[in-house]
Amino acid sequence: MSEVQQHEFQAEVKQLLDIVIHSLYTDKEIFVRELISNASDALEKMRLQQLKGEPVFDENLPLEINVTTDDTAKTITIADYGIGLTREELVENLGTIAKSGTKGFLQALKESGDSADVIGQFGVGFYSAFMVADKVEVLTHSWRPDADHLRWESDGATGYSIEETEGQRRGAKLIVHLKEEFAEFATSSRIKGIIEKYSNFVGFPVNLNGERVNTVEAIWLKSKSDVSEEEYKDFYKFIGHDHQDPRYTLHFSADAPLVINSILFVPDDNMERMGFGQTAPGVGLYCKKVLIDAAPEKLLPEWMRFVKGVIDSEDLPLNISRESMQDSALVKKLGDVMTKRFLKFLEKEAKADEEKYAEFYKRFSRFLKEGVVQSYEHQESLASLLRFESTMTEPGKTTTFAEYIDRMKDGQDEIYYLVAPTREAIETGPYLEAFKKRGLEVCFFLESVDDYVLETLGQYKEKKLVAADRADIELDDVAEEGESLSEESTKSLVDWMTKTLSEKVDRVDAGKRLVSHPLVALTPKDAPNAHMRAMMKAMGEDAPEVKARLEINPRHSLIKKLSGFQTKKPELAEKVAKQLADNALLAAGLSDNPGKVVSGMSDLVEELMSSES
Ligand code: ADP
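Here goes a summary of the coordinates provided. A quick note: this is a predicted structure, and the numbers were derived from the prediction, not measured. Position numbers for residues start from 1 in each chain and track the written sequence from start to end. Per-residue local features are limited, in this predicted model, to residues with pLDDT of at least 70; the limit for side-chain atom pairs, both in listing and counting, is 80 or more; totals at the level of whole chains, interfaces and linings are taken over all residues. Only hydrogens and water are set aside; all other atoms, that is, all heavy atoms of the structure, feed into the side-chain values.

### Points about helix α1 (residues 11-22)
Defined as follows: Think of it this way: any DSSP run of H or I at least four residues long counts as a helix, any run of E at least two long counts as a strand, and we number them from the N terminus. Here, expected helix span is obtained from the residue count minus one, scaled by 1.5 Å. The rule is simple: take the accessible area with a 1.4 Å probe, protein chains only, and divide by the maximum for that residue type; under 20% is buried, over 50% is exposed, in between is partly exposed. Here, the arc refers to the directions that run from the helix axis to the C-beta atoms.
Between its first and last C-alpha atoms α1 spans 16 Å; for 12 residues at 1.5 Å apiece the expected length is 16 Å, and the two agree. All of the buried residues in α1 are V13, L16, L17 and V20. Projected down its long axis, α1 carries its buried residues within an arc of 100°, all on one side. Summarising the geometry of α1, the exposed residues directed more than 90 degrees from the buried face are A11 and H22.

Shown next as structure tokens:
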């Protein structure tokens, strides 16, 4: 027999093992789920490999998982006839962590400090065996006919050894040598309970000490009335690797235009929000109960990656390869039908239970917004699902674009909105008052992505979406309150300001927008506004220089005073005008140097105070 090779674990593996072994996590039993799920993956890969028709070692073995317990030796053995591992694969897969997801997981663990909960939600895979074992052996032969018979062994501390053996069947057999205090996992009844709890939906037979345990039921093929609430929840927890119940469940079957049997779930929470990086697609593609791809990239649009579930269609050719699947018109059609159905479902749920929908929205609205930007063909349905406050809602209550349209005034044909970090910022800012005064509703959007989302959306039910801080909005005349500067003084002030401020702004106008503010800066049509500029900068692009238009309020006392100073104290008037312009540009997010605006303000105040004393 050949020599034993000693290997060190990669640093990340040691770190993970340390967390796994020393975490206070009480549900040690999940290691059974993790190992069975790995075995199931290996069988799945084997089934796909067989479709290729290449020579396979141990060709005729059944695709199944055999679990055996030995309470005298205190071992539990989990054996599969899957693809097995070559020597390189043992080193690569069981000695290093290549997946960025796992690295991200480690990072999140470090940051959260509460390992228990994170481990509960994310299986830690193979290494979870070391929660209960003082030694794990892996006996294996790869499906490749020329591979070696191998034995891998480790105590989960610093490293592992690999040596050649004889007589292995295809696949992997894990022998878990239990620590004294975890001897319970070597008893048949305990393991049976665990398999029934976590692994009932594994797509291959799972036998325990020679007896079949799981039911391998494709519940998505059953009719809704034959599936209990509990079954849906269990199924979700199994495919979603989650310990929470799903938030929404959609069981959908159709006969035309395609035969579809599917169940889609919305998870309780959004993992991306918790800092786990981009989620992989979570809806598996099946044909007559047989898994074609567990995480197909092109089936559903990318924004739907938070959805978990299965889509089964008899119309797919069983031997469709993952590569050809990506371009298949049938898959595209299937994805399209499912996307529409899912959107309709959300629309219905949102109406049926607004509070429940609000909870969903809080966690998942990012995906809907991403969809608005990404999926042109579903844009309007996605836009219908957006929720926001407006001038017509109380704080904390939301409305929709459809309701907005119902409330629109006669002759109004645009939907107005403003984007700012808080409702208060919008309500105290200079842009809203012109709309309020005219009884025009303005939608409040409070996330920085909203600008881009609404800009991309452009319209809803043929009503144009218009940012209320744009210079090109035509507003009707309304009765003005308060005495205004004379037309002549206004014109003179406007001309003088346009000239004085020519370096800072495109031009100055007297406007009807303002009530309580002296002046406001308006972004010119088609120029990127403050949020867009910030985004361009974040992406390393140079935002084009924007020269805004200033609108002054000729009824405001400050403007009237400025008009007086214009001839009486031209020097001071110029300083004040420049400062006011800087302030307005800063408020509009168009200033490149906020610090300078503030120090300019201080200087001006000081100057005014000294002239008073
Ligand atoms: P994950 O399963 O999430 O990828 P694991 O740590 O559980 O992470 O496993 C690491 C890798 O080891 C797997 O991706 C797979 O390539 C390999 N592996 C684990 N168990 C088996 C098995 N029973 N048969 C073949 N390969 C396996």
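From this point, the discussion proceeds with the structure in view.
### A short note on the sheet that holds strand β21 (residues 519-522)
Rules: In this scheme, strands are said to pair when DSSP sees at least two bridges between them. Axis geometry follows a simple rule: fit a line to the C-alpha atoms, using only the stretch in contact for helices, then measure angles between N-to-C directions, giving values from 0 to 180 degrees. We call two residues in contact when some of their heavy atoms are within 4.5 Å.
On the basis of which strands lie adjacent, the open sheet formed by three strands has the order β20-β22-β21 and mixed pairing. Among the strands making up the open sheet, the edge pair consists of β20 (507-510) and β21. Put simply, the sheet's adjacent strands are angled 25° from each other on average, direction ignored. Each of β21 and β22 (549-552) is contacted by helix α19 (residues 570-587), which is oriented at about 55° to β21, the strand it contacts most.

### Structural notes on the layout of surface pockets
Note the threshold: As defined here, a cavity is a set of points on a 1 Å grid over the protein atoms alone where a 1.4 Å probe fits but cannot get out. A pocket is an open set with protein on both sides within 12 Å along at least five of seven lines, and residues line them when an atom is within 4 Å of a point. Grid points are joined across faces, edges and corners, and a volume is the space filled by probe spheres set on the points. Three classes are used: nonpolar for Ala, Val, Leu, Ile, Met, Phe, Trp, Tyr, Cys and Pro, charged for Asp, Glu, Lys and Arg, and polar for all others, with Gly counted as polar.
Its volume calculated, the second largest pocket comes out at about 890 Å³. Lining the second largest pocket are 32 residues; nearest its centre among them are Y361, R387, F388, T398 and T399. For the lining of the second largest pocket, the secondary-structure elements that each account for two or more residues are α9 (329-352), α10 (354-374), α11 (379-384), α12 (401-407) and β17 (442-445). Here the lining of the second largest pocket takes nine residues from α10, the largest share from any one element. A per-class count over the lining of the second largest pocket returns 10 nonpolar, seven polar and 15 charged.

### What to know about unusual backbone geometry
Backbone torsion omega between A256 and P257 reads 0°, so that peptide bond is classified as cis. Note that P257 resides in the loop between β10 (248-254) and β11 (260-266). Backbone geometry at H241 places phi at a positive 50°, although glycine is not the residue there. You can see H241 is positioned in the loop between α7 (229-240) and β10. The exposure class assigned to H241 is partly exposed, which follows from its relative accessible area of 43%. Although it is not a glycine, K461 sits at a positive phi angle of roughly 45°.

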